[in-house]
Amino acid sequence: MTQVNNKPPASIYKQADTDGKFKRQDAQFRNTISKDGKHQPEKGRYLLYANLLCPWACRTLITRSLKGLEDIIDVSILHYTLTENGWTFESDTPEATGDPLFGAKYIKEIYHKANPEYNLRYTVPVLFDKKLNTIVNNESSEIIRIFNEAFDELLPTDSPKRGLNFYPEDLRQEIDDLNEWVYHNFNNGVYKTGFATKQEVYEENVLAVFESLDKLEKILSDGREYLVGGRLTEADIRTYVTAVRFDTAYHTKFKCNIKMIRHDYPNVHRWLRHMYWDIPEFKKCTNFDHIKGGYYYAVSDGDKAGGVVPLGPRPHILPKDAADIKTELLTIPLPLSKENRNKNIQVMSSSVFHDLRTPILYSSAIHIGWSLHKTRTLNLW
Ligand SMILES: N[C@@H](CCC(=O)N[C@@H](CS)C(=O)NCC(=O)O)C(=O)O
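These numbers were taken from a predicted model, which means no experiment stands behind them. (Residues numbered from 1 in each chain as written. Predicted model: local features only at pLDDT ≥ 70, side-chain atom pairs only at ≥ 80, totals over all residues. Heavy atoms only, no water.)

This paragraph deals with the pattern of salt bridges. Under the criterion given, the structure shown has 20 salt bridges. Here Asp17 makes a salt bridge to Lys23, at a shortest N to O gap of 2.8 Å. Lys35 serves as the salt-bridge partner of Glu153, at 3.0 Å between the closest nitrogen and oxygen. Here Glu153 is found in the loop between helix H3 (140–149) and helix H4 (172–187), whereas its partner Lys35 is found in the segment before strand S1 (46–50), with 118 residues between them in sequence. Grouping residues by exposure puts Glu153 and Lys35 together as exposed. A network of salt bridges, in which partner residues are shared, links Glu42, Arg45, Asp129 and Lys131. (Salt bridge = Lys/Arg side-chain N within 4 Å of Asp/Glu carboxyl O. Helix = DSSP H or I, 4+ residues; strand = E, 2+ residues; numbered from the N terminus. Buried < 20%, exposed > 50% of the residue type's maximum accessible area, 1.4 Å probe, protein only.)

As a further point, take the packing of helix H6 (residues 199–220) against helix H9 (residues 266–278). Viewed as axis vectors pointing N to C, H6 and H9 meet at an angle of 75 degrees, and their least axial separation amounts to 7 Å. Taken together, H6 and H9 sit at an angle that is classed as roughly perpendicular. Together, Leu213, Leu216, Glu217 and Leu220 of H6 and Pro266, Asn267, Val268, Arg270 and Trp271 of H9 make up the contact between the two elements. Along the lines of polarity and charge, the residues of the contact of H6 with H9 split into six nonpolar, one polar and two charged. (Axes fitted to C-alpha atoms, helices over the stretch in contact; angles between N-to-C directions. Parallel < 35°, antiparallel > 145°, perpendicular 65-115°, else oblique. Contact = heavy atoms within 4.5 Å. Nonpolar A, V, L, I, M, F, W, Y, C, P; charged D, E, K, R; others polar.)

All right, on to the UniProt feature "binding site: glutathione" (unreviewed entry) in the protein then. UniProt's entry tags Trp87, Arg121, Tyr122, Thr123, Val124, Glu139 and Ser140 with the feature "binding site: glutathione" (unreviewed entry), counted in the numbering of this structure. As for its placement among the helices and strands, Arg121 is situated in the loop between helix H2 (107–114) and strand S5 (126–129). When its relative accessible area of 18% is taken as the criterion, Arg121 is described as buried. When you line up the elements, Glu139 lands in the loop between strand S6 (134–137) and H3. Since its relative accessible area comes to 19%, Glu139 is described here as buried. In contact with Glu139, not counting residues within four places along its chain, are Ala27, Phe29, Arg30 and Arg59. (UniProt positions renumbered as here; feature names shortened; annotations may be inferred.)

Right, let's talk about the UniProt feature "site: Lowers pKa of active site Cys" (unreviewed entry) in the protein for a bit. Mapped onto this numbering, the UniProt entry annotates "site: Lowers pKa of active site Cys" (unreviewed entry) at Tyr250 and Tyr295. Taking the farthest pair of C-alpha atoms as the criterion, the annotated set spanning 46 residues converges on one region, since that pair is 8.3 Å apart. Note that Tyr250 resides in helix H7 (residues 234–253). Residue Tyr250 is classed as buried on the basis of its relative accessible area of 0%. If sequence neighbours within four positions are ignored, Tyr250 has contacts with Pro55, Val190, Tyr191, Thr242, Arg245, Lys255, Cys256 and Tyr295.

The next subject is H9. Taking 1.5 Å as the rise per residue, H9 with 13 residues should run 18 Å; its terminal C-alpha atoms sit 17 Å apart, in good agreement. Within H9 the residues assigned to the buried category are Asn267, Val268, His269, Trp271, Leu272, Arg273, His274, Met275 and Tyr276. Tucked inside the fold, the buried residues of H9 contact H6, H7, helix H8 (261–264), helix H10 (280–284) and helix H11 (288–298). (Expected span 1.5 Å × (residues − 1).)

H6 packs onto H4 with a crossing angle of 145 degrees between their chain directions and a minimal axis gap of 8 Å. Contacts between H4 and H6 involve Leu178, Trp181, Val182, Asn185 and Phe186 from the former and Ala208, Val209, Ser212, Leu213, Lys215, Leu216 and Ile219 from the latter. Of the residues belonging to the contact of H4 with H6, the class tally is nine nonpolar, two polar and one charged.

Let's shift gears to the environment of Ile317. Secondary-structure assignment places Ile317 in the loop between H11 and strand S7 (328–333). The residues touching Ile317, leaving out its near neighbours within four places in the chain, are Val244, Arg262, Leu272, Arg273, Tyr276, Trp277 and Phe288.

So, on to the packing of aromatic side chains. Two aromatic rings, taken as a pair, are described by how far apart their centres are and by the angle between their planes. Evaluated as defined, the whole model comprises 28 aromatic pairs. The side chain of Arg145 reaches across the aromatic face of Tyr167, ending 3.6 Å from its centre. (Phe/Tyr/Trp six-rings, centres within 6.5 Å; stacked < 30°, edge-to-face > 60°. Lys NZ or Arg CZ within 6 Å of the ring centre and 35° of its normal.)

Structural data, given as structure tokens:
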């Protein structure tokens, strides 16, 4: 039964309490899907409401895709704009699908289908049961477990995805241990940093974010491809969604700017690119336009003037083989502003800047950058 026991903040954009701290609200719909429960595994019965900016929604999308559930669980993608009424179903980006069930304008309406009294935050992701017209679950860490387990028998017997398990019995303890600090200090840590409204709260949290990155770097420094057990697990999925947003969004928008993954964490960077480039489901569920649009528009206290989207860093993610020192001219379409959507700009991309560790190379790179700056070519390393 959904508990509705406190009022939502006066403004949807107000994230921190008066002590300057951001405290994530506990999700209120916590049911599961099982053969002997009220929500049973059935093809076409469930719809996942998600958006592409949100790391929590993204981990459910990746798991759905990795488990081969695209034909079993439907998806509705919301727009990345957060209005006073919450996430909208506006569809002026190609990926946004609108609401196929009720033609709703806001996710809020979906919450009210499940419980007209609901008055807490209207978050994504939401897993909706079309048969019972209610929300099954709105907590992503539980939705990914549901996807991992509940629908296996509905997959074709010859599907290579049948039986895949991202939370295997023998690795559970190790995965749980890692999830625990990755969640508090990294996944949610960037939010606690970005939403802090007091200096000391910011400092405490930003340091914890970088301690967690240092820890990940150390774990991955033995050259391993996956975080736990030599195979892809939930731990990789949960860590990836924050790592892939780090340089492009959290570094700047959430003031997590002590270091960048691409320049300062070679092993995290290697692992991240392995996920993105080698496992198609990760790339498929990562959309940098929505990530950047979302963090710079949605998370700007509703202040449209604060919603200017920076063009860098470029590229949003480096290629896997960006190991040799090269500086190249890339033509990069400007992705977001309507006026510029059809224009191209030429940018200088020294995509391997992070490898230029010696002072000589460093200074020549700066020199190149500076010269370009003077000749009015945009220099977007
Ligand atoms: N516990 C939830 C958290 C989800 C969450 O906070 N989602 C954010 C987007 S990243 C949201 O919808 N925020 C809207 C709001 O707080 O008003 C989960 O992991 O599923």
